[in-house]
Each structure stands twice: as C-alpha cells, then as structure tokens.
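Observations on the model geometry
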Amino acid sequence: MTEKWSSGLTFILAAIGSAVGIGNIWRFSSVLGQNGGGAYLVPYLIAVFLFAVPLMMLELAVGRRLKKDVVSSFSFVRSKFKPLGWIISIVLFLLMSYYLVITGWTLAYVLFSISGTEPQFSEFISSYLPILFFIIAAVLSGLVVSLGVKGGIEKIVTAVIPLSFIILITLAIYATTLDGFNAGVDFLFTPDLSVLSRADLWSAAFGQAFFSLSVGYGILITYGGYLERNVSIPRSSMIITFADLSVAILAGLVIFPIAFTVGLEPSLGAELAFVTLPIAFDSIPSGNILAIAFFTLLFFAALTSAISMLEVNVTVVMEKLRISRKRTAAYLTLGAIAVGMFSALSYSQAELMVGGMRILDLMDETVGSYGLPLAGVLISLVFSWYLDRKEITAEIGERWGSIIIMLTRYVVPVVLIAVTLLSLVQIASG
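A brief look at the structure comes next. (Residues numbered from 1 in each chain as written. Predicted model: local features only at pLDDT ≥ 70, side-chain atom pairs only at ≥ 80, totals over all residues. Heavy atoms only, no water.)

1. Examining the overall build of the protein
Broken down by element type, the protein carries 18 helices and 2 strands. Taking 22 Å as the expected radius of gyration for a compact globule of 430 residues, we find that the protein reaches 21 Å, a close match to that expectation. Over its C-alpha atoms, taken along the principal directions, the protein stretches across nearly 60 × 50 × 45 Å. For the protein, buried positions account for 59% of its 430 residues. Here the protein carries 24 positive and 25 negative side-chain charges, and the mean point of each set is 18 Å from the other. (Helix = DSSP H or I, 4+ residues; strand = E, 2+ residues; numbered from the N terminus. Rg over C-alpha atoms; globule rule 2.2 N^0.38 Å. Buried < 20%, exposed > 50% of the residue type's maximum accessible area, 1.4 Å probe, protein only. Lys, Arg positive; Asp, Glu negative; His and termini not counted. Charge placed at Lys NZ, Arg CZ, Asp CG, Glu CD.)

Dropping the structure here:
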C-alpha cells in the first residue's frame, strides 16, 4: 500500500465514517426499543469496550504492521489462510451490494424532502425509483474511491463527518422542545434491570456492538494500512468508539422524543425511518426542515460506510490484478450494481422474492446476520494465534498488546460464535 492518510485526524474521521452508518441511527434505536430501553445499554457498553474495541485495535495493528490488503494479510500469516481472506472480501462485497440499495433510499428521501414531494414508502417501492437511486448511490461511492485516499475518501469524510455531527446535535437540541422529550429520555436511560437475565438481550447487544463499530469486516485492516507510525492506535480506537457511541445516543435523543410526541412505536427499525418518521415530520413544527436534516444525516452515514466497504475490495483487486485504482473502482462498481440489482428489484415494482421473502431481506438475514460474525471470528483467530505477537505489540505497546491478544484469542471468537448460535436457536424455536 503506497497511499497514506494526510494526518491522524483524517484517519479518525474516515474510521468514524466507516463505523457510523445508518445502523447507528435507526438500528441502535430499534434494538434498544425492542430490548428493555435503557437496560440494553448495560450489555451494549460491555460488548463495545471488552470485545469490539479489542478487535478494532487488532485489525488496525495488523493493517499498519503488514501494509497489505485483506487477502494478502491472511496469506502473509500462512499461505493456506489466503482463501479465508477471500471469504471476508466476498462477504463484505455482498453486504455492500445491498447496503447501497438502502443508501439509495436515503438519497431519494433527501431529494423528496427538499422538493416537498415526499411519497409514502409503499408508493416509493411500488415504482422503479429505488433502482435508479441505488445506481446513483453505487456510482457516487465508486467515484469517491476511484479518486484515492487523499483525493477522494479524505475529502468526503472531512466535509461530511463534522457536518453530520452538527446536524445531529442540532436535531437533538430541537428534540428538547418537544412534548415527548422527557418520555424519550426516560426510555433511553432508565433501565428495566429485570430484562438483563434474558439471553436474547445480550445477543442483540453484542451483535449491534460489532455491527456498529465496523469491526471484523477487514475495513480497519485496510484503513490501518494507510496509517502513519506516529498515530496511537489505542487512543484513536477510543476516540472512534466514543464518537460512534455519541452518534447512537444522540440519535436516540432525536428519535425517541419524536416517537413519543406523536405516539409512534419506538421499537421500529427501517420502518421507523422511512414510514413513520416522515409522517411525524408532517405533524410537528418545522417538520420539513427536520426531514431534510434527518435524511441528509442518514445519507452521509450510509455513503461513508459504503465507501469504506468498496475500498477494501478495491485494494484487494488492485493488488491481485495489478490494474489502476480507477479501473478497479469502475469494475467493482459495475459488479456491485449487477449483484445488488436483485436486492434493489425486491424493493421496487418488480417485488423480486425468493420463498416469499424479498431478496434484500434474505441477504441481510444470511450475509448480514451470519457472514459478518464469521468474518470477525476468522480475523480474531488467525491474527491473534498465528501472527507473531511481537508484530502486534510493536504497533500498540506491550501492555495493550497482551490484553488485546488474550481477548481476541479466547473471548471474542467464543462470544461471536455464541451470539450467532443463539440467533440460530431463536429462529429455529420460532
């Protein structure tokens, strides 16, 4: 890898952009709403700091030490591990293909809100507009990545990440004026400790923690490869984590007061973002401005995450085929459009389904629910067990390195496997 981040700050902004996705905004609020409100924060914070952060540090240390793409990093440790790197790359590509569909929805709703012609979600997906906006989102992501780390990714994240925080803080301040603000705060921070005995609560918290911080995908191995030696990985990891948590909490302070003000169900997920919140915006003061701000925030969050996913595969293909970044980004963008078209068609007038399930939902329940935990297990086991521990401690220090290696060897993979098995058991039991 010849490219570098311009500074530690631009790396942190890029990593925050990768971590802060639409899942922080609607999925965090949805999972919290479904799992005891404030009580959910207890296992969630444990999952973040004891399990997700160590894997984040491991990925960054591996990336900076080896300076290789994901596939080459696995191959460097042992040549027989090369197929595992390809598995992670393919899983992430499939995830990106349907994530871009949702990114397209957010862009569409930004434009709908600006024009004042916001249709109901059922009307939107009864047309072929979702396909058009999916293609636009994919092309935008491809264009940014084609311009490189400094020319593309850095310029986007340095513009949209600070703006996203400004939008979110402004929305949270506005939420304090709503009648449902106190009820929303109580729901968010008042725990019903009786639910802490539920296994599904812990499963949901661990799943969301890894999903939210973008760990276990190989993204941070790639981003770590562009990182200068003088940047502290432990300190950067904590900044990224607190920024990610701040977005999730602030989003809750926006969404729950709105939900309680207009009598909405606070545990809804994507439906809350695209179905019920638009209705709520119509019934509260300055609703149109709020809608524009909210969907712009969602679009920025989705776009920066999609860019990071595409970057991982661009580095892999560039290395293997020895072709230019621009050509690689173009080919992979076309590939993402081809693969993601099935998901896009499932939420369009075509209503493409398999066994009565929309393709996008099927992809999320397979690739999203099981492919990503598998990727996290592979990364934690391969690099903590088979990469010389000196390679890791050289990047993050002996004290931190010992802790990280212990957790990623023995605890993180067990937790990820347990969470995945528990999810399967819950599905089997109905």
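Continuing now.
2. Here's the deal with the packing of helix 14 (residues 287–321) against helix 15 (residues 325–346)
At a minimum axis separation of 9 Å, helix 14 and helix 15 run at an interaxial angle of 120 degrees. With respect to helix 15, the element helix 14 is oriented oblique. Here the hand of the crossing between helix 14 and helix 15 comes out right-handed. In this structure, helix 14 contributes Leu310, Glu311, Asn313, Val314, Val317 and Met318 to the contact, and helix 15 contributes Arg325, Thr328, Ala329, Leu332 and Thr333. Of the residues in the contact of helix 14 with helix 15, the class split is 6 nonpolar, 3 polar and 2 charged. (Axes fitted to C-alpha atoms, helices over the stretch in contact; angles between N-to-C directions. Parallel < 35°, antiparallel > 145°, perpendicular 65-115°, else oblique. Left-handed = near helix turned anticlockwise from the far one by under 90°. Contact = heavy atoms within 4.5 Å. Nonpolar A, V, L, I, M, F, W, Y, C, P; charged D, E, K, R; others polar.)

3. What to know about a nonpolar patch on the surface
A cluster of nonpolar side chains, contributed by Leu129, Leu132, Ile136, Val139, Leu140 and Leu143, occupies part of the molecular surface with about 450 Å² of accessible area. Here Val139 lies in helix 7 (residues 129–146). (Patch = residues over 30% accessible without salt bridge, like charges linked within 9 Å, V, L, I, M, F, W, Y side chains within 5 Å. Areas by Shrake-Rupley, 256 points an atom, 1.4 Å probe, with all protein chains shown as cover. Salt bridge = Lys/Arg side-chain N within 4 Å of Asp/Glu carboxyl O.)

4. Quick look at the environment of Leu277
Tracing the sequence through the fold places Leu277 in helix 13 (residues 270–282). With relative accessibility at 1%, the residue Leu277 sits in the buried group. A C-alpha to C-alpha distance of 7.7 Å links Leu277 and Ala259, two positions 18 residues apart in sequence.

5. Comments concerning the pattern of salt bridges
For the structure on display, the rule yields 8 salt bridges. Ionic pairing is found between Arg65 and Glu395, a salt bridge with its closest N-O pair at 3.2 Å. Taken together, the positions of Arg65 in helix 3 (residues 41–66) and Glu395 in helix 17 (residues 389–396) put the pair 330 residues apart, joining distant regions of the chain. Classification of Glu395 by relative accessible area gives buried; the value is 7%. Across the pair Glu319 and Arg322 runs a salt bridge, and its minimum N-O distance is 3.2 Å. Accessibility expressed as a relative area gives 31% for Glu319, which makes it partly exposed.

6. With respect to the packing of aromatic side chains
One pass over the structure, following the stated rule, counts 30 aromatic pairs. Summarising the aromatic geometry, the rings of Tyr109 and Phe124 are spaced 5.7 Å apart at their centres and angled 90 degrees between planes, so their arrangement reads as edge-to-face. Note that Tyr109 is positioned in helix 5 (residues 82–115) and Phe124 in helix 6 (residues 121–124), a separation of 15 residues in sequence. Phe124 shares its class with Tyr109; the two are buried. Between the aromatic rings of Phe281 and Phe295, the centroid separation amounts to 6.4 Å while the plane-to-plane angle is 80 degrees, which identifies the pairing as edge-to-face. In this pair, Phe281 is assigned in helix 13 and Phe295 in helix 14, connecting sequence segments 14 residues apart. Residue classification places Phe281 among the buried residues on the basis of a relative accessible area of 4%. Among the aromatic residues, those joined into a cluster by ring pairs are Trp105, Tyr109, Phe112, Phe121, Phe124, Phe133, Phe274, Phe281, Phe294, Phe295 and Tyr347. Above the plane of the ring of Tyr347 lies Arg358, whose end atom (NZ or CZ) is 4.5 Å from the centre. (Phe/Tyr/Trp six-rings, centres within 6.5 Å; stacked < 30°, edge-to-face > 60°. Lys NZ or Arg CZ within 6 Å of the ring centre and 35° of its normal.)

7. Quick word on unusual backbone geometry
The phi dihedral of Ser286 is positive, around 60 degrees, even though this residue is not glycine. Relative to the helices and strands, Ser286 resides in the loop between helix 13 and helix 14. Positive phi, close to 55 degrees, is recorded for Arg322, a residue that is not glycine. Note that Arg322 resides in the loop between helix 14 and helix 15.

Taken by themselves, the reported measurements are silent on function.
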